[in-house]
Amino acid sequence: VARGDGVDALSRAGAEAADAADPLAGFRERFVLEDPERIYLDGNSLGRLPVATRDRLAAITAEWGERLVSGWPEWIDAPARAGEAIAGLIGAGPDEVVVSDSTTVNLFKLTSSVLDARGPGALVTDRHNFPTDRYVLEGLAAQRGVELRLFDGDPEPSTLPCGPGDVVVLSHVSYRSGALADLRALQAAASERGATVVWDLCHSAGALPVDLRAARAELAVGCTYKYLNAGPGAPAYLYVAEELHDRLRSPIWGWFGQRDQFAMERPYDPEPSIRRFLAGTPPILGLAAVEEGARLTAEAGIDALHAKSVALSELLIALHDARLAPLGFTLDSPRDPARRGSHVSLRHADAWRITRALIERADVIPDFRGPDSVRLGIAPLYTRYVDIWDAVDRLAGHVARGEHEAFDATPGRVT
Ligand SMILES: *Cc1c(COP(=O)(O)O)cnc(C)c1O
C-alpha cells in the first residue's frame with residue numbers, strides 16, 4: 001500500500017512518515033513517559049499521567065497542607081467545575097454534568113431515580129454489557145421486584161426490546177469488541193417506545209465525538225480514568241438533561257445534594273440543579289485530575305482525536321490482516337470505522353498466554369478479556385503510528401517463535 005510519497009504505508013517507514021505528519025504528535029510530550037521502550041496500549045483501562053496533572057496534584061496537596069479547612073469555599077464547587085469541563089466533550093450543557101462517585105454508583109443513582117419517578121418498568125440491557133452495568137441492574141431488579149430483560153447481540157434500533165416505563169442501559173462502545181452503538185438512532189427508538197435510556201460513555205468520551213443534546217439523550221454516566229486520563233479511582237461523571245432536573249431525585253439523600261447545604265437543621269430538600277445528584281464530600285484531588293484531563297482533551301479537540309484514532313486503528317487492522325491473521329488471530333472488532341470505538345480486539349485461542357508474553361517479554365501493554373481476546377486500546381493523545389507498527393511486529397515475532405508457550409495458561413486475578 002503506497003502512501004502519496006511512495007512509501008509503503010504498512011512499513012515502519014510508513015508509520016514514521018505518518019507520525020511526522022501528525023498534527024497531534026506534540027501531545028505525547030504532555031504526558032509523563034518514564035518508559036521510552038514501553039508500548040502502552042491500555043489507555044482504555046487506565047490512561048497515562050498528564051504532566052499538568054502531576055503538577056496540579058502536587059499543588060493541591062500543598063494547598064491542603066497550607067489552607068486546611070479554609071480551602072473548602074473554593075473546593076466545594078469542584079464537582080460542578082469538573083462537570084462543566086466534561087460537558088463540552090460530550091455535547092452536554094454546562095449545567096447538565098457533575099463529577100462524583102464511580103460509574104457504578106452513578107448508574108445506580110440514575111437508574112433508581114427513573115424507577116422512582118416513572119414507576120416499575122423492566123430493566124433492559126445486553127447480555128454482554130460491562131459486568132458492573134449488569135450487576136447494578138440485577139441488584140435493582142432483585143431489590144424492587146422488577147423484570148431484568150437481557151438481550152443478545154449488539155443493540156439495534158429496530159429490535160431494541162423495550163416498552164413504556166422501561167429503563168434501558170446501553171454502552172456507547174462495547175468494552176469487549178469495540179462496537180460503536182448508534183446513539184442517536186437507539187435513543188430515538190427507545191424514546192418512541194416510551195422507554196428511558198441511561199448511556200454508559202466509559203469507552204467513548206475522550207476518544208470520539210459524543211453529542212448527547214443533539215441525540216436528545218436524557219441520562220448518561222461515564223468514567224474519567226480511561227481516555228480522559230484522570231488517574232486510578234478518579235471520580236466519574238453523570239449527565240442529566242436539564243428538563244429532567246426537577247423530576248428526578250437521587251436515591252441517596254446526601255448533604256451535598258441539599259439546597260442550602262449549611263442550613264443544617266432543615267429536612268432534605270434537594271437542589272434544583274444537577275447538584276441534587278451529589279451525595280457526600282467530593283474527592284478534591286481526583287476532581288483536580290479530572291479537570292486537567294478534560295482540559296487536555298479539549299485542547300487537542302475531539303474531532304482531531306477521533307480522526308487520529310481511526311487512522312491508528314485502520315493501520316492496526318491492516319497490519320493484523322497482513323501479519324497476524326496467518327498466525328491464528330481473528331479480528332473481533334467491526335471493520336467499518338463508523339461502527340467502531342477506539343480499541344481493537346483480536347481473538348486467539350492462546351490469548352491469555354500471548355498477553356502475558358507481550359507484557360513480560362516485549363514491553364507491550366494490552367489487556368486480556370476472557371475467554372480469548374487481546375484488547376489493544378488506542379488512546380490518540382499519546383499513541384504513535386510507530387507504536388502500532390512495533391506492537392504488531394513484536395506480537396507477530398513472539399507468537400511465531402512460540403514464546404508465549406512458556407507462560408501459565410491460567411488467567412491471573414487482574415486481567
Ligand atoms: C470501565 C467501565 C466501567 C467502570 O465502572 P467503575 O464504577 O468505574 O468501576 C463501567 N462501565 C463500562 C462500560 C466500563 O467500560
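Scoring rules and cut-offs
Residues numbered from 1 in each chain as written. Predicted model: local features only at pLDDT ≥ 70, side-chain atom pairs only at ≥ 80, totals over all residues. Heavy atoms only, no water. Helix = DSSP H or I, 4+ residues; strand = E, 2+ residues; numbered from the N terminus. Rg over C-alpha atoms; globule rule 2.2 N^0.38 Å. Buried < 20%, exposed > 50% of the residue type's maximum accessible area, 1.4 Å probe, protein only. Contact = heavy atoms within 4.5 Å. Areas by Shrake-Rupley, 256 points an atom, 1.4 Å probe, with all protein chains shown as cover. Salt bridge = Lys/Arg side-chain N within 4 Å of Asp/Glu carboxyl O. Near = heavy atom within 4 Å. Polar contact = N/O pair within 3.5 Å; in protein donor to acceptor, adjacent residues only side chain to side chain. Nonpolar A, V, L, I, M, F, W, Y, C, P; charged D, E, K, R; others polar. Patch = residues over 30% accessible without salt bridge, like charges linked within 9 Å, V, L, I, M, F, W, Y side chains within 5 Å. Pairing = 2+ DSSP bridges. Axes fitted to C-alpha atoms, helices over the stretch in contact; angles between N-to-C directions.

### With respect to the overall build of the protein chain
Helices and strands together make up the secondary structure of the protein chain, namely 11 helices and 13 strands. Against the globule reference of 22 Å for 415 residues, the protein chain gives a C-alpha radius of gyration of 22 Å, in line with a compact fold. Considering only C-alpha atoms, the protein chain reaches an extent of 70 × 55 × 45 Å along its principal axes. Burial analysis of the protein chain (415 residues in total) assigns 54% to the buried set. When contacts within the protein chain are restricted to residue pairs at least 6 apart in sequence, long-range pairs at least 24 apart make up 70% of them. Counting every atom, the protein chain has about 17,100 Å² of accessible surface; 53% of that belongs to carbon and sulfur.

### Examining the pattern of salt bridges
Under the criterion given, the structure shown has 39 salt bridges. Here Glu291 makes a salt bridge to Arg56, at a shortest N to O gap of 3.6 Å. One end of the pair, Glu291, is in helix α8 (residues 284-300); the other, Arg56, is in helix α2 (residues 51-67), with 235 residues separating them in the sequence. Several salt bridges converge on common partners, so that one network encompasses Arg56, Arg81, Glu291, Glu292 and Arg295.

### Description of the site of the ligand
Close contacts around the ligand come from Ser102, Thr103, Thr104, Phe130, Thr132, Asp133, Ser171, Asp200, Cys202, His203, Tyr225 and Lys226, and that covers them all. A distance of 2.5 Å separates an oxygen atom of the ligand from a polar atom in the side chain of Thr104. Taking His203, its side chain carries an N or O atom lying 3.1 Å from an oxygen atom of the ligand. In the complex, the protein chains occlude 87% of the 390 Å² of accessible area that the ligand would expose alone. If you list the elements that add at least two residues to the shell around the ligand, you get α5 (103-118) and α6 (131-144). Here the shell around the ligand is composed, by residue class, of three nonpolar, six polar and three charged.

### What to know about a nonpolar patch on the surface
A contiguous nonpolar patch, built from Trp64, Leu68, Val69 and Leu285 and spanning about 440 Å² of accessible area, is present on the exposed surface. For Leu68, the location among the structural elements is in the loop between α2 and α3 (72-75).

### Some details on the sheet that holds strand β6 (residues 196-200)
Spatially, the seven strands line up as an open sheet ordered β2-β8-β7-β6-β5-β3-β4, and their pairing is mixed. A strand with exactly one partner marks an edge of an open sheet, and here the two such strands are β2 (97-99) and β4 (148-151). Between one strand axis and the next, the sheet turns through 20° on average, direction left out of account. With five bridges joining them, strand β5 (residues 167-171) and β6 adopt parallel strand pairing. Of the residues in β6, the one forming a bridge with Val167 is Thr196. Of the strands in this sheet, β3 (123-126), β5, β6, β7 (219-222) and β8 (237-240) are in contact with α5, which crosses β7 at around 165°. Its contacts with the sheet put helix α7 (residues 183-192) on β5 and β6, and the angle it makes with β6 is roughly 155°.

Coordinates in, geometry out; function isn't part of it.
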